[in-house]
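# Topology and contacts: notes
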Amino acid sequence: GNSVTQMEGPVTLSEEAFLTINCTYTATGYPSLFWYVQYPGEGLQLLLKATKADDKGSNKGFEATYRKETTSFHLEKGSVQVSDSAVYFCALSDTSNTGKLIFGQGTTLQVKP
Amino acid sequence: EAQVTQNPRYLITVTGKKLTVTCSQNMNHEYMSWYRQDPGLGLRQIYYSMNVEVTDKGDVPEGYKVSRKEKRNFPLILESPSPNQTSLYFCASSVEEGAMEQYFGPGTRLTVT
């Protein structure tokens, strides 16, 4: 079945450091890929998305490129801020017409001043 | 403001005492679903609904029931809660199944003792 694997956390960075959170997936068909962010005490918010191979999603300085050849969708940001501290989830749209999102286990990011 | 609301936000209950977690969206979305979030497992879908009176099981439906009598509401019912249902629950909605973005509620933290 379809699945998503994220790098284990927590990830601790200093402000202005470069961020990479790895995400790889297994899927049949052609899923869309997403990154969701969960700030403390809140629900998940869509951060960015990509719908087909080689698409790059971007938002708030974050980027991720849909790489079909490596089945990856790594999240990157050039310079993190304390306000980026949150849990980040990689997800894919299940290809079985259930509307389901399949999530990775989440990666906690802590940015220190 | 477009939003998904859930109530209650926090609930501590005892084994076997029936409870209902409500979910409501004001965006006229057709598709709604429930997820549970557990450490190290990400989010897993419990039930989903394509439209009024149309519901189906997700990946972890055991011990849960849902109903969709109105488009805006999608309550999650635990007839006889057990400690393994202690979790963080999220309701989500989208315009339709397969839509690019799902909107999440703020979450309900349930503890069953």
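Residues numbered from 1 in each chain as written. Chains lettered and ligands numbered in written order. Predicted model: local features only at pLDDT ≥ 70, side-chain atom pairs only at ≥ 80, totals over all residues. Heavy atoms only, no water.

### Here's the deal with the overall build of chain B
- Summing up its helical and strand segments, chain B has zero helices and 11 strands in all.
- When its helices and strands are written in sequence order, chain B yields β-β-β-β-β-β-β-β-β-β-β.
- The C-alpha radius of gyration computed for chain B amounts to 13 Å, which stays within 12% of the reference 13 Å derived for 113 residues, consistent with globular compactness.
- The principal-axis extent of the C-alpha atoms belonging to chain B is close to 35 × 30 × 25 Å.
- Buried residues in chain B amount to 48% of all 113 residues.
- Carbon and sulfur atoms form 50% of the exposed surface of chain B, whose accessible area is close to 5400 Å². (Helix = DSSP H or I, 4+ residues; strand = E, 2+ residues; numbered from the N terminus. Rg over C-alpha atoms; globule rule 2.2 N^0.38 Å. Buried < 20%, exposed > 50% of the residue type's maximum accessible area, 1.4 Å probe, protein only. Areas by Shrake-Rupley, 256 points an atom, 1.4 Å probe, with all protein chains shown as cover.)

### Some thoughts on the interface of chain A and chain B
- Taken together, the contact pairs 20 residues of chain A with 22 residues of chain B.
- At the boundary of chain A with chain B, total buried surface from both sides reaches about 1600 Å², with 55% on carbon and sulfur atoms.
- Along the contact surface separating chain A from chain B lie one salt bridge.
- Between B:Asp59 and A:Lys100 there is a salt bridge, with its nearest N and O atoms 2.8 Å apart.
- By residue class, the composition of the side of chain A that touches chain B is seven nonpolar, 10 polar and three charged. (Contact = heavy atoms within 4.5 Å. Buried area = accessible area lost by both parts, 1.4 Å probe. Salt bridge = Lys/Arg side-chain N within 4 Å of Asp/Glu carboxyl O. Nonpolar A, V, L, I, M, F, W, Y, C, P; charged D, E, K, R; others polar.)

### As for the pattern of salt bridges
Residues and elements named next belong to chain B.
- Enumeration according to the criterion identifies eight salt bridges over all chains in this entry.
- A salt bridge links Arg44 to Asp38; the nearest nitrogen and oxygen atoms lie 2.8 Å apart.
- A residue is classified by how much of its surface remains accessible, and Arg44, at 26% relative accessible area, is partly exposed.
- Residues participating in the shared-partner salt-bridge network are Lys18, Lys65 and Glu79.

### Some thoughts on the sheet that holds strand β1 (residues 4-7) of chain B
- Read from one edge to the other, the open sheet built from four strands follows the order β1-β3-β8-β7 (chain B), with strand pairing classed as antiparallel. Each edge of the sheet is formed by a strand with only one pairing partner; in this case those strands are β1 and β7 (65-66) of chain B. (Pairing = 2+ DSSP bridges.)

### Observations regarding the packing of aromatic side chains
- A complete count under the given rule lists 12 aromatic pairs over all chains for this structure.
- Measuring from ring centre to ring centre gives 5.9 Å for B:Tyr64 and B:Tyr89, while their planes differ by 65 degrees; the resulting arrangement is edge-to-face. Here B:Tyr64 is found in the loop between β6 (54-57) and β7, whereas its partner B:Tyr89 is found in strand β9 (residues 87-94), with 25 residues between them in sequence. Per residue, the accessibility class of B:Tyr64 equals that of B:Tyr89, and both read buried.
- Three or more aromatic residues joined by ring pairs make a cluster, and in this case those are A:Phe34, A:Tyr36, A:Phe89, A:Phe103, B:Tyr35, B:Phe90 and B:Phe104. (Phe/Tyr/Trp six-rings, centres within 6.5 Å; stacked < 30°, edge-to-face > 60°.)

### Quick word on the environment of B:Val66
Residue and element names in this part refer to chain B.
- Within the element layout of this structure, Val66 appears in strand β7.
- Judged by relative accessible area, Val66 falls into the buried class, the value being 14%.
- Sequence spacing of Val66 and Tyr48 is 18 residues, and the spatial spacing of their C-alpha atoms is 8.5 Å.
- Setting aside its immediate chain neighbours within four residues, Val66 contacts Trp34, Tyr47, Thr55, Phe74, Pro75 and Leu76.

### Some details on unusual backbone geometry
- Here the amide bond leading from A:Gly9 into A:Pro10 is cis, since omega sits at -5 degrees, within 30 degrees of zero.
- Residue position: A:Pro10 is located in the loop between β1 (3-6) and β2 (11-14).
- B:Pro8 follows B:Asn7 through a cis peptide bond whose omega is -5 degrees.
- For B:Pro8, the location among the structural elements is in the loop between β1 and β2 (10-13).
- If you check the backbone angles, A:Glu16 has positive phi at about 75 degrees while not being a glycine.

### Remarks on the nonpolar core
- A:Leu19, A:Trp35, A:Leu47, A:Leu48, A:Phe73, A:Leu75 and A:Tyr88 are the most contacted members of the largest nonpolar core, which totals 27 residues.
- For this core, the secondary-structure elements that each account for two or more residues are β2, β3 (19-21), β4 (23-26), β5 (33-38), β6 (44-50), β8 (62-65), β10 (86-93) and β12 (107-112) of chain A.
- Broken down by element, the residue count for this core peaks at four residues, all from β10(A).
- Filtering out sequence-adjacent residues up to four positions away, A:Phe73 remains in contact with A:Cys23, A:Leu33, A:Phe34, A:Trp35, A:Leu48, A:Lys49, A:Ala50, A:Ala64, A:Thr65, A:Tyr66 and A:Cys90.
- With 19 residues, the next largest nonpolar core counts B:Leu19, B:Val60, B:Leu78 and B:Cys91 among its residues. (Core = buried A, V, L, I, M, F, W, Y, C linked by side-chain atoms within 4.5 Å.)

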